[in-house]
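Examination of the molecular architecture
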Amino acid sequence: MSRKTPKKTTTMKESTSTCPVCGYAQLEEPPRNRTGGASMEICACCGFQFGVTDDDHGIGYDEYRQGWIKDGMPWTSKQKTPKNWSPQTQLAGLALSATLKRVKGRPPRMSVQMA
Ligand SMILES: [Zn+2]
C-alpha cells in the first residue's frame, strides 16, 4: 500500500470562525474584523451577538460565558443542534487554544518568501 501525499493548498480560506465566548467553531464571520468592527452575528450556540451584547449591553465574553455555563450551556438558536455537539468539548477547545496562544510566543503570521 502506498500512501499518497495530499496536495498542499496555500489558498485555503477559512470560512468559519470560532466564538470567543463558547468556542463554537461555525460562526459565519469573525466576531471582529481587522478594524475592530463587530460582525453583528448572533452565535447560534450561546446567543452572544457581537457588537450588541458586548458594545450595547457592555457584557464581556468572560462574563457572558459564565452566565451561559450557569444556565447549563444551552443551545440558544432555532437552528438544529449539530450532531455530536458537546458544549464541554467546545469550551475545552477554547481553553486549550487560549493556553496555546499564551505559550507560543510567535507572531501569528510568518511571511517567508524565497524570491
Ligand atoms: Zn458562542
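Residues numbered from 1 in each chain as written. Predicted model: local features only at pLDDT ≥ 70, side-chain atom pairs only at ≥ 80, totals over all residues.

A word on the overall build of the chain. From N to C terminus, the chain includes 2 helices and 0 strands. The proportion of buried residues among the 115 residues of the chain is 17%. (Helix = DSSP H or I, 4+ residues; strand = E, 2+ residues; numbered from the N terminus. Buried ≥ 20, exposed ≤ 12 C-beta atoms within 10 Å, placed from the backbone.)

Between its first and last C-alpha, helix α2 (residues 87-103) extends 24 Å over 17 residues, near the 24 Å set by a 1.5 Å rise per residue. Little of α2 is tucked away: 1 of the 17 residues are buried. (Expected span 1.5 Å × (residues − 1).)

Moving on, we come to the nonpolar core. By size, the foremost hydrophobic cluster in this structure holds 12 residues: Cys19, Val21, Cys22, Tyr24, Cys43, Ala44, Cys45, Cys46, Phe48, Phe50, Tyr64 and Trp68. With near-sequence residues (within four places) excluded, Phe48 lies in contact with Cys19, Val21, Cys43, Thr53 and Tyr64. (Core = buried A, V, L, I, M, F, W, Y, C linked by C-beta atoms within 7 Å. Contact = placed C-beta atoms within 7 Å.)

In this structure, Glu29 sits in the segment before α1 (61-70). Taking the number of C-beta atoms within 10 Å as the measure of exposure, Glu29 has 14 and is therefore partly exposed. Put simply, Glu29 and Ser39 are 10 residues apart on the chain and 6.5 Å apart in space, counted from C-alpha to C-alpha. Excluding residues within four positions of it along the chain, Glu29 makes contact with Ser17, Ser39 and Glu41.

By the element assignment, Cys19 lies in the segment before α1. Using a count of 22 C-beta atoms within 10 Å as the deciding quantity, one classes Cys19 as buried. Between the C-alpha atom of Cys19 and that of Cys43, which follows or precedes it by 24 residues, the distance is 6.9 Å. With residues near it in sequence (within four places) discarded, Cys19 still touches Tyr24, Leu27, Cys43, Cys45, Cys46 and Phe48.

Turning to unusual backbone geometry, a few remarks are in order. The phi angle at Met40 is positive, at roughly 65 degrees, despite the residue not being glycine. Tracing the chain through its elements places Met40 in the segment before α1.

Quick look at α1 now. Inspection of α1 places Tyr64, Arg65 and Trp68 among the buried residues, and these make up the whole buried set. Buried residues of α1 fall within an arc of 100 degrees about the axis and therefore sit on the same side. Across α1 from its buried face, at more than 90 degrees, point the exposed residues Asp62, Gln66, Gly67 and Lys70. At the C-terminal side of α1, Gly72 shows a positive phi close to 95 degrees. (Arc of directions from axis to C-beta.)

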